[in-house]
Amino acid sequence: EADIYQTPRYLVIGTGKKITLECSQTMGHDKMYWYQQDPGMELHLIHYSYGVNSTEKGDLSSESTVSRIRTEHFPLTLESARPSHTSQYLCASTLQGSETQYFGPGTRLLVL
Amino acid sequence: GIQVEQSPPDLILQEGANSTLRCNFSDSVNNLQWFHQNPWGQLINLFYIPSGTKQNGRLSATTVATERYSLLYISSSQTTDSGVYFCAVARETSGSRLTFGEGTQLTVNP
């Protein structure tokens, strides 16, 4: 079983606020991913990283940004939250040489 | 980009029944995974199966890569099997970047 953590699990915040969603894994996985999922819909990749100091945008355009300063940590930041950012954000990781993706529990974000 | 189609979109079963979920994809892939998302939103990896057949307890999966489809079999279903089942694929040129299907919503009634 994978150890990948996300905080907060739920966040209600006002428009214009800056937020950071945390994702950490303790498995030494080099590849990490952020997905966005609206209720009842499929997951869309918004950011990924193949290692420290490596970040790329995913298939779905997003106003969020990410950083990868440490292997185990892959935070996602929204500089100015808007109601259109309301969604579930899921973090995942994979070990180099393996393709199996392990997911964190997700953060449900509601922007008022 | 690659297209992933899952069927059926919704499935309602009585406990103990068997079911087959299908995933069709539009291009050659070297990475195919099945996930279960429980009612609390947590995704669990069921299988990494770019080709061939695998079994894990009451679940099994088969991917026929040359015909671009995969099947997930659930036998003797239980209420805890309820949730959404996602198929996700990646082409060799995509690295590990998965494209997800829209999922099959499974409800197992007692």
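Shown above is the structure to which this text applies.
Residues numbered from 1 in each chain as written. Chains lettered and ligands numbered in written order. Predicted model: local features only at pLDDT ≥ 70, side-chain atom pairs only at ≥ 80, totals over all residues. Heavy atoms only, no water.

Draft legend 1. Representation of a nonpolar patch on the surface within the structure. All names here are of chain A. Where nonpolar side chains cluster on the molecular surface, the patch consists of Val-12, Leu-110 and Leu-112 and spans about 290 Å² of accessible area. Looking at the secondary structure, you find Leu-112 in the segment after β11 (107-111). Looking at Leu-112, the relative accessible area reads 59%, which means it is exposed. (Patch = residues over 30% accessible without salt bridge, like charges linked within 9 Å, V, L, I, M, F, W, Y side chains within 5 Å. Areas by Shrake-Rupley, 256 points an atom, 1.4 Å probe, with all protein chains shown as cover. Salt bridge = Lys/Arg side-chain N within 4 Å of Asp/Glu carboxyl O. Helix = DSSP H or I, 4+ residues; strand = E, 2+ residues; numbered from the N terminus. Buried < 20%, exposed > 50% of the residue type's maximum accessible area, 1.4 Å probe, protein only.)

Draft legend 2. Summary view of the interface of chain B and chain A. Listed as interface residues are 22 residues of chain B and, on the opposing side, 22 residues of chain A. If you sort the residues of chain B by the area they bury against chain A, B:Ser96, B:Arg97 and B:Phe100 come out on top, with a joint share of 33%. At the surface where chain B touches chain A, the tally comes to zero salt bridges. Our count for the contact surface shared by chain B and chain A stands at 13 residue pairs in polar contact (both at pLDDT 80 or more). Mapped by element, the contributors of at least two residues to the side of chain B that touches chain A are β4 (31-37), β5 (43-48) and β10 (99-100) of chain B. Here the residues of the side of chain B that touches chain A sort into nine nonpolar, 11 polar and two charged. (Contact = heavy atoms within 4.5 Å. Buried area = accessible area lost by both parts, 1.4 Å probe. Polar contact = N/O pair within 3.5 Å; in protein donor to acceptor, adjacent residues only side chain to side chain. Nonpolar A, V, L, I, M, F, W, Y, C, P; charged D, E, K, R; others polar.)

Draft legend 3. Spatial organisation of the sheet that holds strand β7 (residues 59-64) of chain B. All names here are of chain B. Pairing in this open sheet of five strands is antiparallel, and the strands run β1-β3-β8-β7-β6 from one edge to the other. Pairing within the sheet leaves two strands with one partner each, and these edge strands are β1 (4-7) and β6 (52-56). Each strand axis lies, on average, 15 degrees off the axis of its neighbour in the sheet, ignoring direction. Two strands pair when backbone bridges link them, and β7 and strand β8 (residues 69-74) are joined in this way by six bridges, in the antiparallel orientation. Looking at the pairing, Val-64 lines up with Tyr-69 of β8. (Pairing = 2+ DSSP bridges. Axes fitted to C-alpha atoms, helices over the stretch in contact; angles between N-to-C directions.)

Draft legend 4. A look at the state of the cysteines. Evaluation of the coordinates by the stated rule reveals two disulfides over all chains. A sulfur-sulfur separation of 1.9 Å characterises the disulfide bridge that pairs A:Cys23 with A:Cys91. Because the torsion about its S-S bond is -75 degrees, the bridge between A:Cys23 and A:Cys91 counts as left-handed. One end of the pair, A:Cys23, is in strand β3 (residues 19-25); the other, A:Cys91, is in strand β9 (residues 87-94), with 68 residues separating them in the sequence. Judged on exposure class, the residue A:Cys23 and its partner A:Cys91 are both buried. In this model B:Cys23 forms its disulfide with B:Cys87; the gap between the sulfur atoms is 2.0 Å. (Disulfide = S-S within 2.5 Å.)

What is shown is where atoms sit, not what they do.
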